[in-house]
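Listed here are the chains, written in short residue letters.
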Amino acid sequence: MQLFTPVRVGDLTLKNRIFMAPLTRVRADERHVAGDLMAEHYRQRASGGLLIAEATMVAGHARAFGFEPGIYSDAHAAGWRKATDAVHAAGGRMALQLWHPGRATHQDLNGGLQPVSSSDKPIRDDTIHTPSGKQPYPAPRPLRPEEIPGIVEQFRLGAAHAKAAGFDFVELHGAHGYLLDQFLRDGVNDRTDRYGGSVENRARLLFEAIDAAISVFGPARVGVRISPLVGFNDMSDSDAPALVEHVARGLQARGAAFLHLRAAKHDAPAEVELARIARRHFQGALIRNGGYTREAAEADLRAGLADAVAFGMPFIANPDLPERFARNASLNPVDLATLYSPGPKGYTDYPALAG
Ligand SMILES: Cc1cc2nc3c(=O)[nH]c(=O)nc-3n(C[C@H](O)[C@H](O)[C@H](O)COP(=O)(O)O)c2cc1C
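This section reports on the structure supplied with the text. (Residues numbered from 1 in each chain as written. Predicted model: local features only at pLDDT ≥ 70, side-chain atom pairs only at ≥ 80, totals over all residues.)

### A look at the overall build of the chain
For step 1, the next point in the chain: Across its full length, the chain holds 11 helices and 14 strands.
For step 2, the next point in the chain: Taking 355 residues into account, the globule formula puts the C-alpha radius of gyration at 20 Å, and the chain, at 19 Å, falls close to it.
For step 3, the next point in the chain: Summarising its shape, the C-alpha atoms of the chain cover approximately 60 × 45 × 35 Å along the three principal directions.
For step 4, the next point in the chain: In the chain, which comprises 355 residues, the proportion classed as buried is 53%.
For step 5, the next point in the chain: Relative to all contacts within the chain whose residues are 6 or more apart in sequence, the contacts with residues 24 or more apart total 72%. (Helix = DSSP H or I, 4+ residues; strand = E, 2+ residues; numbered from the N terminus. Rg over C-alpha atoms; globule rule 2.2 N^0.38 Å. Buried ≥ 20, exposed ≤ 12 C-beta atoms within 10 Å, placed from the backbone. Contact = placed C-beta atoms within 7 Å.)

Structure below.
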């Protein structure tokens, strides 16, 4: 099977094309430091070709969930080092997803600081968990142009700490309606300065963040995740094909390692079209994700629609997912109740195949 052939990503050859998608599991401590439990979780999954670790805050006062990890201090780097060491010792490779939530948070989670975004448009018709219970999302404050270099610097520092933590790659989180995506997509971004309007302008912050990461890791160790057709967090865009073409061209010009396309449903015709556009304009590794089975992943690899496939839910419940795919074994079901609960239950206690 193609899934089990090595794949070139940037300047590394990874052992298979079964990647672990980034999965927020809120198991860090109250200072957002990753610990032994998280190291064990990732170590168990080290047979994946690349483990893309969960969304990790590049700044303080950017908390959206509670116990999500950070990467903005030496303590955060030292915490994550436990995971990268464990994964490397088990023969795996690991990327860190660099994340800023933008408007997708609440001031009550962040010392009273109003969330920031490209515009003042809040996430409509949804609520967020805060210390005082569920609340509607607040209206964010549009970032002033002179504040943007500070955001880019947060991504650079995040990358520097990720490097100190021993990650092989960083993935800029440009998906799911978080800060970089709030600039990318015109359903939210209504700016009239050089960060809004044309797709070139809307992608400017993403590329400034990418270039900041490249200044630390080099282009062959930097990738980006986008989800142009995913509506989560009240997102939309009027021209997803143009967005993908622009991002793909920009990554190509930089020699970036990978483009990670997260689909709502990987086989929807509009998603397949985005994959073809990405292919046409970017020669680095194309990772795709979104509802894949083993068979569907194999089919897309053979059709040239992806170089690797990231699995989310299947990797949560199956630490030995590649082994199960190889043997065509059944998969453990995911326990939804423990996705975001503390401790090892539903995190490090999913069984591997016997024997
Ligand atoms: C519990 C959970 C946490 C997630 N956390 C993240 C995250 O931190 N970053 C991200 O880009 N996507 C995140 N996602 C989305 C997954 O990476 C993936 O795109 C999604 O689960 C679809 O892939 P799948 O069908 O293989 O599960 C999360 C999904 C789940 C279920």
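Let us keep going from here.
### So, the packing of helix α3 (residues 148–164) against helix α6 (residues 204–217)
For step 1, the next point in the chain: Contact pair α3 / α6: the axes reach a minimum separation of 8 Å and the direction vectors enclose 35 degrees. Handedness of the crossing formed by α3 with α6: right-handed. Only Leu205, Glu208, Ala209, Ala212, Ala213, Ser215, Val216 and Phe217 of α6 make contact with α3, whose side of the interface consists of Ile148, Val152, Phe155, Arg156, Ala159, Ala160 and Lys163.
For step 2, the next point in the chain: For the contact of α3 with α6, the residue count by class is 11 nonpolar, one polar and three charged. (Axes fitted to C-alpha atoms, helices over the stretch in contact; angles between N-to-C directions. Left-handed = near helix turned anticlockwise from the far one by under 90°. Nonpolar A, V, L, I, M, F, W, Y, C, P; charged D, E, K, R; others polar.)

### Examining the environment of Ala77
For step 1, the next point in the chain: The residue Ala77 is located in helix α2 (residues 74–89) in this model.
For step 2, the next point in the chain: Overall, Ala77 belongs to the buried group, with 23 C-beta atoms counted inside 10 Å.
For step 3, the next point in the chain: Separated by 39 residues in sequence, Ala77 and Met38 place their C-alpha atoms 13 Å apart.
For step 4, the next point in the chain: Once residues within four sequence positions are removed from consideration, Ala77 is found in contact with Ile71, His161, Ala164 and Ala165.

### Considering the nonpolar core
For soluble globular proteins, the rule of thumb is that nonpolar side chains tend to be buried together.
For step 1, the next point in the chain: Core analysis: the largest hydrophobic core is formed by 102 residues, its most contacted members being Leu98, Val170, Leu206 and Ala213.
For step 2, the next point in the chain: Of all the elements, α6 adds the most residues to this core, at nine residues. (Core = buried A, V, L, I, M, F, W, Y, C linked by C-beta atoms within 7 Å.)

### Topic: the pairing of strand β8 (residues 133–136)
For step 1, the next point in the chain: Bridging between strand β7 (residues 127–130) and β8 involves four bridges; their strand directions are antiparallel. Across the sheet, residue Thr127 finds its bridge partner in β8, namely Pro136.
For step 2, the next point in the chain: The turn joining β7 and β8, which pair antiparallel and follow one another in sequence, is formed by two residues. (Pairing = 2+ DSSP bridges.)

### Section: the site of the ligand
For step 1, the next point in the chain: As a structural note, the neighbourhood of the ligand is formed by 21 residues, with Ala21, Thr24, Ala55, Gly312 and Met313 the closest of them.
For step 2, the next point in the chain: When contributions to the shell around the ligand are tallied by element, the ones reaching two or more residues are β4 (51–57) and α10 (313–317). (Near = placed C-beta within 6 Å.)

### So, the environment of Ala352
For step 1, the next point in the chain: Relative to the assigned elements, Ala352 resides in the segment after α11 (321–327).
For step 2, the next point in the chain: In this structure the C-alpha to C-alpha distance between Ala352 and Ala64, which are 288 residues apart in sequence, comes to 32 Å.
For step 3, the next point in the chain: Ignoring any residue separated from it by four or fewer positions in sequence, one finds Ala352 in contact with Pro319 and Asp320.

### Regarding helix α9 (residues 294–302)
For step 1, the next point in the chain: Within α9 the residues assigned to the buried category are Arg294, Ala297, Asp300 and Leu301. Buried residues of α9 fall within an arc of 135 degrees about the axis and therefore sit on the same side. With respect to the buried face of α9, the exposed residues turned more than 90 degrees away are Glu295 and Arg302.
For step 2, the next point in the chain: The inward-facing, buried residues of α9 contact β13 (285–289), β14 (308–311) and α11.
For step 3, the next point in the chain: In the stretch just after α9, Gly304 is the one whose phi turns positive, near 75 degrees. (Arc of directions from axis to C-beta.)

### As for the packing of helix α1 (residues 36–44) against α2
For step 1, the next point in the chain: Contact pair α1 / α2: the axes reach a minimum separation of 8 Å and the direction vectors enclose 25 degrees. Accordingly, the angle class assigned to the pair α1 and α2 is roughly parallel. Like other packed secondary-structure pairs, α1 and α2 cross with a definite hand, here right-handed. Side by side, α1 and α2 meet where Asp36, Met38, Ala39, Tyr42 and Arg43 of the first sit next to Lys82, Ala83, Ala86 and Val87 of the second.
For step 2, the next point in the chain: A breakdown of the residues in the contact of α1 with α2 according to their chemical character gives six nonpolar, no polar and three charged. (Parallel < 35°, antiparallel > 145°, perpendicular 65-115°, else oblique.)

### Considerations on the environment of Asp11
For step 1, the next point in the chain: Along the chain, the position of Asp11 falls in the loop between β1 (7–9) and β2 (12–14).
For step 2, the next point in the chain: Between the alpha carbons of Asp11 and Ala256 there is a distance of 10.0 Å; along the sequence they are 245 residues apart.

### Points about unusual backbone geometry
For step 1, the next point in the chain: One non-glycine residue, Asn233, adopts positive backbone phi at about 65 degrees.
For step 2, the next point in the chain: Note on placement: Asn233 falls in the loop between β11 (222–226) and α7 (240–254).
For step 3, the next point in the chain: The class for Asn233 is buried, based on 20 C-beta atoms found within 10 Å.
For step 4, the next point in the chain: In this structure, Asp234 is a non-glycine residue whose phi angle is positive, near 60 degrees.

### Examining helix α8 (residues 269–281)
For step 1, the next point in the chain: An ideal rise of 1.5 Å per residue puts 18 Å on 13 residues; α8 measures up with 19 Å between its terminal C-alpha atoms.
For step 2, the next point in the chain: Of the surrounding elements, those touching the buried residues of α8 are α7, β12 (258–262) and β13. (Expected span 1.5 Å × (residues − 1).)

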